[in-house]
Amino acid sequence: MNNSRWYNSLRIQIVLLMTLALFPLGAVAIYQTNRVATEAERNAELALLALTGRAAKTEELIIERALGAAQLLAAMAGDYIDDPEKCAADLMRFVESDEHYSFVGLLPLSGQMTCASSGTTYDFSGFPDFAETMAAQERTIVVNADAPLSGTSVFIISEPFFVDGAFAGFISISVPHDGLPGTPENLVELGLVELITFNENGNILTARSNIDTADQELPLGRDIAQLSLSGVAFQGENQLGQKRVYTVVPIEGSPASVMGVWEGENPLVSTIAATLRPAIFPVLMWLASMSVAMLSIYTLVLRHIVRLRRNMNDFADNRNIDAVSNQVSMPNELKALNDNFLRMTNEIMQDEAQLEDALRAKNVLVKEVHHRVKNNLQLISSIMNMQIRAAEHQETKTVLSRLQDRVLSLATIHRDLYQSQNGGMVEVGALISEVVQNSVEVAVSLEDDVDVQKDINRILLYPDQAVPLSLMVAEAMTNAMKYIGAPEGQQRWVRVTLKQDPGDVDCLLTLSNSIGSGRNAESTGLGGQLINAFAIQLGGDVQTTETADSYTMRVHFKAAEFEPEQRDY
């Protein structure tokens, strides 16, 4: 098991030492590049300000033209105020000739607008802010999401006009939001999210996307009315918590400013900043140094060690020997280590070959012993069979037959041992099945009918348990066939089961036979004594159950591990 710590790796230690050596140089590089990065970020912000001004050029022109038109109409307001019909006709032609305007009207101090491009008279005297607007007498730009005259979303430019040097009202021009242009594709690719114009009060006038949702892109925690004084660029979050870069450019000659909203990772800013980030040069220097160091270590040491370790693992797993072929470039120290490994593997292979020869000879000898024992036991069985045929008394034949069954059981075990491929273990499932079948064939004539049911697992046991188990089954089957009977109206039957829990050593042998209403055979008790004796050798526990129709024997035991005999010295 490999318990080495990760920090003991040669690669890790070299990286740590090289990092320590390069740390002072990295600190100097960070200090030197910090000012360059700061200046680069400032230049990027100025570039965004320029892009914002270029993007807002259309809004700026529309507002400037509207202001110019308002100033022109304000100069002519003295002539129009006394001739509402001519005024309405001229204003109507003015709106029809320019698609950027949806409404133009002359609003006098009375609030009764009789001169309008729509040709209709309107009363604004009851509006909430009418008195304050007239009192201010200043140029204003406001927005109305649902203008009462045009019925659309507009921003309204109001220019004061004077008659005989006295303030007389306002010229109002409405510019619909639907007429504003879209955002150029090149600016969208650079990360422009929204372009907003707002007045000196911080009210949104126009938005390139949707004016109803434009307020979500305003900077969180900042008063945009304070940002309209001069051009500025800063980073922050919008109302949804998303990172943004904001640029503000005032529109000359008007109380409005333009705000550009850029993505937080704006390509222009991120590219320059990422290129000149203070830590980039030290990191590149560190990576280059590490690459050279790692390449040197790998070329001189690691590749030879890795190949040698792979050969060791291959030898440990598969006993394959693959010497490191290219030893010319291998350092002398590693070459000596490789030679020692080859010498060690050669010695191990020779020792294992000798052990395999010795083990093969031992297996052959053991199988030969089992084979000869089996032949001798079969010879004894044949002699006993001759004695059975020669015996005159039935009791003598019965005793000799039972002894013959035990001898044949032993012969069967030794036969399985010299045929076994399981390292000296006996597959007792097949052995028990054969013993049961032989016992039934010996005890039952062809005319008799006995239902034999077997449910036997494949279980491997060492001979120390296989021998007493087979003898116990043979004795139990002899008793079962001796006392078997047919319940009233049923067939005689014998059931044998041998089970082992999966992944466990607990085993259960169950042998049941039917019994009739009366028993004619006389019991000597010898069979029960032998079964108990075999159970003791097996290390099991015998339990018997008898009912009116059946007799059942259960034996619980554990499959034991091999235990060599203790020596006398």
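Residues numbered from 1 in each chain as written. Predicted model: local features only at pLDDT ≥ 70, side-chain atom pairs only at ≥ 80, totals over all residues. Heavy atoms only, no water.

## A look at the environment of G241
Reasoning step 1: Following the sequence through the fold, G241 ends up in the loop between β10 (232-237) and β11 (243-250).
Reasoning step 2: The exposure class of G241 is partly exposed, given its relative accessible area of 39%.
Reasoning step 3: For the pair G241 and Q216, spaced 25 residues apart in the sequence, the C-alpha separation amounts to 9.6 Å. (Helix = DSSP H or I, 4+ residues; strand = E, 2+ residues; numbered from the N terminus. Buried < 20%, exposed > 50% of the residue type's maximum accessible area, 1.4 Å probe, protein only.)

## Side note on the side chain of N238
Reasoning step 1: Within the secondary structure, N238 is located in the loop between β10 and β11.
Reasoning step 2: Engagement of the side chain of N238 in a polar contact is seen with the side chain of E217, the distance being 3.2 Å.
Reasoning step 3: Beyond its immediate chain neighbours, meaning those up to four positions away, N238 contacts Q216, E217, L218, L220, R244 and Y246. (Polar contact = N/O pair within 3.5 Å; in protein donor to acceptor, adjacent residues only side chain to side chain. Contact = heavy atoms within 4.5 Å.)

## Re the sheet that holds β11
Reasoning step 1: A sheet is described by the order of its strands in space; here five strands give the open sequence β9-β8-β12-β11-β10, paired in antiparallel fashion. Only two strands of the sheet have a single partner each, and these edge strands are β9 (204-207) and β10. Each strand of the sheet is rotated relative to its neighbour by a mean of 25 degrees, with strand direction disregarded.
Reasoning step 2: Note that β11 and strand β12 (residues 256-263) share seven bridges and pair antiparallel. (Pairing = 2+ DSSP bridges. Axes fitted to C-alpha atoms, helices over the stretch in contact; angles between N-to-C directions.)

## Regarding the nonpolar core
Reasoning step 1: The biggest cluster of nonpolar side chains holds 38 residues, and the ones touching the most others in it are I63, F155 and I171.
Reasoning step 2: Residue assignment for this core shows that the elements contributing at least two residues are α1 (10-55), α2 (57-80), α3 (84-97), β1 (103-108), β6 (154-163), β7 (166-176), β8 (192-199) and β12.
Reasoning step 3: At 10 residues, α2 tops the list of elements feeding residues into this core.
Reasoning step 4: Residues within four places of I63 in sequence aside, it is in contact with I141, F155, I157, I251, S254 and A256.
Reasoning step 5: Of all hydrophobic cores here, the second largest spans 36 residues; its members include V473, M481, V496 and V555. (Core = buried A, V, L, I, M, F, W, Y, C linked by side-chain atoms within 4.5 Å.)

## Section: the state of the cysteines
Reasoning step 1: As enumerated under the stated definition, the model contains one disulfide in all.
Reasoning step 2: Here C87 is linked by a disulfide to C115, with a sulfur-sulfur distance of 1.2 Å. Around the S-S axis, the bridge from C87 to C115 shows a dihedral of about -70 degrees and counts as left-handed. Taken together, the residues C87 in helix α3 and C115 in strand β3 (residues 115-116) connect sequence positions 28 residues apart. (Disulfide = S-S within 2.5 Å.)

## Details of a nonpolar patch on the surface
Reasoning step 1: A surface patch of nonpolar side chains, about 250 Å² in accessible area, is lined by V283, L284 and L287.
Reasoning step 2: A relative accessible area of 40% means that V283 is categorised as partly exposed. (Patch = residues over 30% accessible without salt bridge, like charges linked within 9 Å, V, L, I, M, F, W, Y side chains within 5 Å. Areas by Shrake-Rupley, 256 points an atom, 1.4 Å probe, with all protein chains shown as cover. Salt bridge = Lys/Arg side-chain N within 4 Å of Asp/Glu carboxyl O.)

## Some words on helix α11 (residues 463-483)
Reasoning step 1: Across its 21 residues, α11 extends 30 Å between first and last C-alpha, which sits within 8% of the 30 Å expected from 1.5 Å per residue.
Reasoning step 2: Here α11 lies mainly inside the structure; 16 of its 21 residues are buried. (Expected span 1.5 Å × (residues − 1).)

## Description of a negative patch on the surface
Reasoning step 1: A cluster of acidic residues, D79, D82, D83 and E85, forms a negative patch at the surface.
Reasoning step 2: Mapped onto the fold, E85 is located in helix α3.
Reasoning step 3: Assessed through its relative accessible area of 69%, E85 is described here as exposed. (Lys, Arg positive; Asp, Glu negative; His and termini not counted. Charge placed at Lys NZ, Arg CZ, Asp CG, Glu CD.)

## Focus on the pattern of salt bridges
Reasoning step 1: Considering all chains together, one arrives at eight salt bridges under this definition.
Reasoning step 2: When the shortest N-O distance is used, the salt bridge between D357 and R360 registers 3.1 Å. Of this pair, D357 and R360 both sit in helix α8 (residues 332-390), three residues apart, which is roughly one turn of the helix.
Reasoning step 3: Look at R360 and you get partly exposed, because its relative accessible area is 47%.

## A closer look at the side chain of T510
Reasoning step 1: Here T510 is to be found in strand β17 (residues 506-514).
Reasoning step 2: Not counting residues up to four positions away in its chain, the partners in contact with T510 are R495, V496, T497, T552, M553 and R554.

## What about the packing of aromatic side chains?
Aromatic ring pairs: the centre-centre distance and the angle between the two ring planes describe each pair.
Reasoning step 1: Evaluated as defined, the whole model comprises eight aromatic pairs.
Reasoning step 2: Here the aromatic rings of F162 and F167 are separated by 5.9 Å at their centres, their planes lie at 70 degrees, and the arrangement is edge-to-face.
Reasoning step 3: Classification of F162 as partly exposed rests on a relative accessible area of 44%.
Reasoning step 4: Exposure remark for F167: the relative accessible area of 12% places this residue in the buried category.
Reasoning step 5: Both rings, one in F234 and one in Y246, keep their centres 5.3 Å apart while their planes meet at 20 degrees; by these two values the pair is stacked. Pair noted here: F234 is in strand β10 and Y246 is in strand β11, with a separation of 12 residues, a long-range link. No difference in accessibility class separates F234 from Y246, as the two residues are buried.
Reasoning step 6: Members of the aromatic cluster, each reached through a chain of ring pairs, are F103, Y122, F124 and F127.
Reasoning step 7: Above the ring of F234, the side-chain terminus of R222 is found at 4.1 Å from the ring centroid. (Phe/Tyr/Trp six-rings, centres within 6.5 Å; stacked < 30°, edge-to-face > 60°. Lys NZ or Arg CZ within 6 Å of the ring centre and 35° of its normal.)

## Regarding the packing of helix α10 (residues 428-443) against α11
Reasoning step 1: Where α10 meets α11, the closest approach of the two axes is 9 Å, and the angle between their N-to-C directions is 25 degrees. The angle between α10 and α11 falls in the class roughly parallel. At the point where α10 passes α11, the crossing takes the right-handed sense. Packed against α10, whose contacting residues are V428, L431, I432, V435, V436, S439, V440 and A443, the element α11 presents A466, L469, S470, V473, A474, M477 and M481 at the interface. (Parallel < 35°, antiparallel > 145°, perpendicular 65-115°, else oblique. Left-handed = near helix turned anticlockwise from the far one by under 90°.)

## A short note on the sheet that holds strand β14 (residues 450-456)
Reasoning step 1: On the basis of which strands lie adjacent, the open sheet formed by five strands has the order β14-β16-β17-β19-β18 and mixed pairing. If you trace the sheet from one side to the other, it starts and ends with β14 and β18 (541-546), each paired once. Across this sheet, the average inter-strand angle for adjacent strands is 10 degrees, counted without regard to direction.
Reasoning step 2: Bridging between β18 and strand β19 (residues 550-558) involves six bridges; their strand directions are antiparallel. Opposite T545, over in β19, you have T552 as the bridge partner.
Reasoning step 3: Each of β14 and β16 (492-500) is contacted by α10, which is oriented at about 170 degrees to β14, the strand it contacts most.
Reasoning step 4: In the packing of α11 onto the sheet, contacts are made with β16, β17 and β19, and the angle to β17 comes to roughly 15 degrees.

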